2 protein chains.
Amino acid sequence: MIIQKTSSSRLESFDQENYSFGDHFIDHMIICEYDNGKWGEAKLMPYGPLSFSPANMTFNYGQACFEGMKAYKDKDGQVFLFRPRKNFERINKSAKRLAMPEVPEEVFMKGLKVLMDVDRAWIPYGEGRSLYIRPLIFATEEGLKARVAHKYMFAIVASPAKSYYTAPVSVKISDYYSRSASGGVGFAKAAGNYAAAFYPTQMAIEEGYDQIIWTDDATHEYFEESGTMNVFVRINDTIYTPPTSEKILDGITRDSFIQLAKHKGLDIRVEPVAVKTVLEAQKNGTLKEIWGVGTAVVTSVFKAFGYKDQRFELPVLADEDSYALTLKKALVDIQTNQAEDPFGWRELVERNILETV
Amino acid sequence: MIIQKTSSSRLESFDQENYSFGDHFIDHMIICEYDNGKWGEAKLMPYGPLSFSPANMTFNYGQACFEGMKAYKDKDGQVFLFRPRKNFERINKSAKRLAMPEVPEEVFMKGLKVLMDVDRAWIPYGEGRSLYIRPLIFATEEGLKARVAHKYMFAIVASPAKSYYTAPVSVKISDYYSRSASGGVGFAKAAGNYAAAFYPTQMAIEEGYDQIIWTDDATHEYFEESGTMNVFVRINDTIYTPPTSEKILDGITRDSFIQLAKHKGLDIRVEPVAVKTVLEAQKNGTLKEIWGVGTAVVTSVFKAFGYKDQRFELPVLADEDSYALTLKKALVDIQTNQAEDPFGWRELVERNILETV
Ligand SMILES: Cc1ncc(COP(=O)(O)O)c(C=O)c1O
Ligand SMILES: Cc1ncc(COP(=O)(O)O)c(C=O)c1O
């Protein structure tokens, strides 16, 4: 690994109390380039711009995929990653579906840990704070022919994240727009999936909602995901979440919620969630909660949902009665080393890793 | 418009006989940046790399769309664009669906003509030769939050194209993969649509085909497009092509073929094309031709198609009996100013446009 440290850290001039998510970057980044059929040597270098022409194939054909993960600091200043191998596996699933080269485990995992260790001082400590980490792979070749590129870059950039707290939101159940096709790329964290979701989301916002509950594109009768999160529905005391498929991202938070719910003895069922079932439960008063889960906010609680021209309010539960918040707290406590980790999910970032690289 | 010409043209060192499509760029490019809610002044400048960080939003969320169009030179050295306003309209349809700012007509059209005029010497003349032009819009903001960007670049780059000729190809009718969802972005030239098609195409190639005939994702019972082309089927002497929809790109070549066919008094019908109908016509001998159309090759003739585990050969027709080739020739003759243009499709690029900018 090539190490090229910055000579002027930006940390001093970074206002740790006043910033918005995703706009400030830690001092360094990892990059590793793929050419001639193989990955080169990974490099730690100062975060900043590189050279790309407008004919860059990602700008033209969107051959790019990414991951989103977090590092947490505990009260002793120890740094932990959460299930990082899951992100490693998933970026390669995405890469494969986009006909991109898979990144080697060594490049991904060592890059991640070296970056975390070198920029350890950037990782926020405190309630709801973390470092958001973005590994990505994208085509770097220049060319105007729509074909698989021969050159790629793997990069890891990262940005301090302040708070998980998000006020309860209203969501619109989609009856027209969709985020994935059968036989498509919905299960991949493909760059293009996100751009495709922006306009429908804007339309939902214009109708007074914050996000969309995506439904299957053929019938719009089944829940898929919510915004960029997986979705859970609680009817009476049973939790439902749709099975993953080629249309639904296999979320790591989703999987952790399922495991935690089982561990707590809750009744959780992975099965298709029909819009009809949710509407009926709403009508007969058995619909208790709907929420989304994902790395960025862990859990987003929904206060209302819309379907066609109707808006339905969800019950307001005390925090301790909410499965969404109970599971969220259990997960955050594990992530931040405030609780035991019976699942082996936390991964300590050793100090002075550079000496062993 | 800001004009910044190169001081060292690369034209002399460009081998006009030996190059492959899309790898060589003309001396200049147009760029225009969007920020603070408005487009800045367009600029002609030397083609080359610019600065973008790996946190660039296009690399991460694929907010990018493009056009593909051509300029042709006639025997007198006059340069023509083909229906350029169609591309202008379509890039903005794509931009809208991707929640991107629409590019002003002035920026698009003047940029195009100035670039063509300044790099006039790069435009190849001769049978099947043209300049392939790529206008595109992509997000340029840096950020790790999946949201609509605030900064964009519009660019036009271009690359000499040698020949339309492509040998007849075999295509696989998709019964699993798909390129677009109902309520999705299939009608847009969204960057991510292309990356999503690469892997399925590789799978088809492994089965011995060159391209995929995309079918609807819900049932795979209806033709949508072929590769990155619109598709036509001829049964007896009737030509069929599926109607455009939110799942099918509204191709300019497709539209031109429809108009030309009508003009020639051919029986052409814009209606859903069922896989079943094509298979039946194949069986009873009435299936004459299947072909794809698009700007890059104008027409790609199919010699065989596969469905499930079967492969079917298509009849080999004399050029003059082929509707595909007859319409292709008629179109190319108009594009290259070798025939009258009753439709008003050709648009002359005036000389010394710079003096009027
Ligand atoms: C489309 C989509 N669904 C779900 C998720 C949740 O996945 P994870 O829990 O792994 O962050 C994400 C990513 O955050 C996503 O982009
Ligand atoms: C998906 C797709 N379909 C069809 C076409 C054909 O469109 P046009 O004839 O405007 O080039 C293209 C572009 O070439 C395309 O990318």
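About the criteria used
Residues numbered from 1 in each chain as written. Chains lettered and ligands numbered in written order. Predicted model: local features only at pLDDT ≥ 70, side-chain atom pairs only at ≥ 80, totals over all residues. Heavy atoms only, no water. UniProt positions renumbered as here; feature names shortened; annotations may be inferred. 1 Å grid on protein atoms, 1.4 Å probe; cavity = no way out; pocket = protein on both sides within 12 Å on 5 of 7 lines; lining within 4 Å. Points joined across faces, edges and corners; volume = space filled by probe spheres on them. Helix = DSSP H or I, 4+ residues; strand = E, 2+ residues; numbered from the N terminus. Nonpolar A, V, L, I, M, F, W, Y, C, P; charged D, E, K, R; others polar. Domains from an automatic or database assignment. Contact = heavy atoms within 4.5 Å. Buried area = accessible area lost by both parts, 1.4 Å probe. pLDDT = per-residue confidence, 0-100. Salt bridge = Lys/Arg side-chain N within 4 Å of Asp/Glu carboxyl O. Polar contact = N/O pair within 3.5 Å; in protein donor to acceptor, adjacent residues only side chain to side chain. Pairing = 2+ DSSP bridges.

Going by an unreviewed UniProt entry, chain A carries the name Branched-chain-amino-acid aminotransferase and comes from Chryseobacterium lacus. Listed in UniProt under the heading Sequence similarities (unreviewed entry), the comment for chain A reads: "Belongs to the class-IV pyridoxal-phosphate-dependent aminotransferase family." In UniProt, chain A has this text filed under Cofactor (unreviewed entry): "pyridoxal 5'-phosphate".

Another point: empty space enclosed by the protein. Unfilled space is identified by rolling a water-sized probe across the atoms. Enumeration over the complete set of coordinates arrives at five cavities of 30 Å³ or more. Considered as a void within the structure, the largest cavity measures approximately 290 Å³ in volume. What lines the largest cavity is a set of 27 residues, among which Val185 and Asn193 of chain A together with Arg179, Val185 and Asn193 of chain B lie closest to the centre. Elements supplying a minimum of two residues to the lining of the largest cavity: α4 (191-206) of chain A together with α4 (191-206) of chain B. The class makeup of the residues in the lining of the largest cavity is 12 nonpolar, 13 polar and two charged.

Time to look at the domain arrangement of chain A. A common way to express how large an interface is: the accessible area buried when the components associate. Residues and elements named next belong to chain A. Domain annotation of chain A identifies domain 1 (2-162) and domain 2 (169-335). Taken over C-alpha atoms, the centre of domain 1 sits 28 Å from the centre of domain 2. Taken together, the 19 residues of domain 1 in the interface contact 20 residues of domain 2. A combined buried area of about 1,700 Å² lies between domain 1 and domain 2, and 61% of that area is made up of carbon and sulfur atoms.

It is worth spelling out unusual backbone geometry at this point. Residue and element names in this part refer to chain A. Within the chain, Lys308 stands out as a residue other than glycine whose phi angle is a positive 50°. Along the chain, the position of Lys308 falls in the loop between β18 (298-307) and β19 (310-313). With a phi close to 55°, Asn352 is a non-glycine residue in the positive phi region. Its location among the elements puts Asn352 in the segment after β20 (346-348).

Low-confidence regions, as indicated by low pLDDT, have predicted coordinates that should not be scrutinised in detail. Here chain A averages 96 in pLDDT, and 99% of its residues register 70 or above. The ipTM assigned to the predicted complex is 0.97, against a pTM of 0.98.

Contacts between the two partners involve 63 residues from chain A, matched on the other side by 63 residues from chain B. Each partner contributes to the roughly 5,200 Å² buried at the junction of chain A and chain B, and carbon and sulfur atoms together form 64% of this total. The interface formed by chain A and chain B holds zero salt bridges in total. At the surface where chain A touches chain B, the tally comes to 24 residue pairs in polar contact (both at pLDDT 80 or more). Put simply, the parts of the chain that give the side of chain A that touches chain B at least two residues each are β5 (50-52), α1 (57-61), β6 (64-66), α2 (84-97), β9 (130-139), β10 (152-161) and α4 of chain A. When residues of the side of chain A that touches chain B are assigned to their parent elements, the largest contribution, nine residues, is made by α4 of chain A. Summarising the sheet, β5 of chain A and strand β5 (residues 50-52) of chain B pair through three bridges and their orientation is antiparallel.

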